[in-house]
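Residues per chain are reported as follows:
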Amino acid sequence: MRHLMSPLDFSVAELDGLLELASDIEKHPQKYAHACGGKKLATCFYEPSTRTRLSFESAMLSLGGSVLGFSSADSSSASKGESVSDTIRVISCYADICAMRHPKEGAPLVASQKSTIPVINAGDGGHQHPTQTLTDLMTIRSLKGQLGDLTIGLCGDLKFGRTVHSLIHALIRYPNIRFVLISPEELRVPSYIREEVLQNNNIPFQEVERLEDAMSQLDILYMTRVQRERFFNEEDYVRMKDFYILDKQKMSLAKEDMLVLHPLPRVNEISVEVDDDPRAAYFRQARYGVYVRMALILTLLEITVSDAPDGKEQSC
Ligand code: CP
């Protein structure tokens, strides 16, 4: 039995296989429509979510399975003091696979150690968000045609941004990746990522404060939200929250084929006037999240689908 705690839990070859499967699901959804018949996904979300929880649920329903779960700690027995370890033992009796989001770093890992079903880390505090990374990789691969030879700008809250941390870990395994880390001084990437992940692996990167200084070099601009929920005081959040606003004027400095990604939700960091720019890929990215989570569920449940399930393949 496998769990997914970090994007590094899959080898590059396994990731390629998973992304290939996700692309096949995108092209031939009907082929997979009953693949998880009789299976149940539990979504145990101790922290708010729109995309991750609902895309997991959409993924399981699109595979013919069922879903159950809770969407806040308050609506579960965590509010009565139940531990994550006890909760997952019980959930293991009710479901075949579990996606868990938790505000505490490492909580899904603790759950996986007591679980008898595969556990997927759906975001743990400021640590990792591996299924967002799978989504990001599928988006880049589908829209750029490659995962190497890219200059990637990561902009915003690089300190607490778990999507950024997971994405850096995943992308350094591909050739000729270069990062431009765009953040205010207070929100720079943690030193363990700068030193142990980037410097130790000889990954070229530069750190800049002004988005305008980076735009012209980038193949991908990955914007992130300054996350109110990770700040210890409101004053610091208010000072940082509108540090970056991507607008048409800044987009005019970018390459014609640069892509703008964002894990969403956005607040003010991308002006809505950018949404109609063909380079704005963040809503397409959200759609890829469903296909890649379908592929992940199939992979962790070890379900393979032949080219002709139910005798035939239908176009969509
Ligand atoms: N990208 C992402 O994790 O969004 P949600 O918080 O809405 O799940």
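Description of the structure in this document. Because the structure is predicted, anything quoted here is derived from the model rather than measured. (Residues numbered from 1 in each chain as written. Predicted model: local features only at pLDDT ≥ 70, side-chain atom pairs only at ≥ 80, totals over all residues. Heavy atoms only, no water.)

### Here we look at the site of the ligand
Then, in step 1: As a structural note, the neighbourhood of the ligand is formed by Ser 49, Thr 50, Arg 51, Thr 52, Arg 101, His 129, Gln 132, Pro 263 and Leu 264.
Then, in step 2: Take Ser 49: an N or O atom from its side chain is 2.6 Å from an oxygen atom of the ligand.
Then, in step 3: Side-chain polar atom of Gln 132 to a nitrogen atom of the ligand: 3.0 Å apart, as the coordinates give it.
Then, in step 4: Here the ligand, which alone exposes 260 Å², has 90% of that area covered by the protein.
Then, in step 5: Taken together, the residues of the shell around the ligand break down into two nonpolar, five polar and two charged. (Near = heavy atom within 4 Å. Polar contact = N/O pair within 3.5 Å; in protein donor to acceptor, adjacent residues only side chain to side chain. Areas by Shrake-Rupley, 256 points an atom, 1.4 Å probe, with all protein chains shown as cover. Nonpolar A, V, L, I, M, F, W, Y, C, P; charged D, E, K, R; others polar.)

### Description of unusual backbone geometry
Then, in step 1: Going from Leu 264 to Pro 265, the amide bond is cis rather than trans, its omega being 5°.
Then, in step 2: Looking at the element boundaries, Pro 265 is found in the loop between β9 (259-261) and α11 (282-300).
Then, in step 3: Positive phi is not limited to glycine here, since Asn 202 has a value of about 55°.
Then, in step 4: Structurally, Asn 202 can be placed in the loop between α7 (191-199) and β7 (205-208). (Helix = DSSP H or I, 4+ residues; strand = E, 2+ residues; numbered from the N terminus.)

### Things to note about the side chain of Gln 132
Then, in step 1: Note on placement: Gln 132 falls in helix α5 (residues 130-144).
Then, in step 2: Once residues within four sequence positions are removed from consideration, Gln 132 is found in contact with Thr 163, Tyr 222, Pro 263, Gln 285 and Arg 293. (Contact = heavy atoms within 4.5 Å.)

### Things to note about the sheet that holds strand β6 (residues 177-182)
Then, in step 1: Strand order across the open sheet formed by five strands is β7-β6-β5-β8-β9, with parallel pairing between neighbours. Because the sheet does not close on itself, it has two edges, and the strands there are β7 and β9. Between one strand axis and the next, the sheet turns through 20° on average, direction left out of account.
Then, in step 2: Of the strand pairs in this sheet, β6 and β7 are connected by four bridges, and their pairing is parallel. Each bridged residue has a counterpart across the sheet, and for Leu 181 the counterpart in β7 is Glu 207.
Then, in step 3: Across the face of the sheet, α7 comes into contact with β6 and β7 while running at roughly 155° to β7. (Pairing = 2+ DSSP bridges. Axes fitted to C-alpha atoms, helices over the stretch in contact; angles between N-to-C directions.)

### Focus on the environment of Arg 293
Then, in step 1: By the element assignment, Arg 293 lies in helix α11.
Then, in step 2: Judged by relative accessible area, Arg 293 falls into the buried class, the value being 3%.
Then, in step 3: A C-alpha to C-alpha distance of 8.0 Å links Arg 293 and Ala 22, two positions 271 residues apart in sequence.
Then, in step 4: For Arg 293, the contacting residues outside a window of four places in its chain are Thr 52, Ser 55, Phe 56, Ala 59, His 129, Thr 131, Gln 132 and Thr 135.
Then, in step 5: Polar side-chain contacts of Arg 293 include one of 3.0 Å to the side chain of Thr 131. (Buried < 20%, exposed > 50% of the residue type's maximum accessible area, 1.4 Å probe, protein only.)

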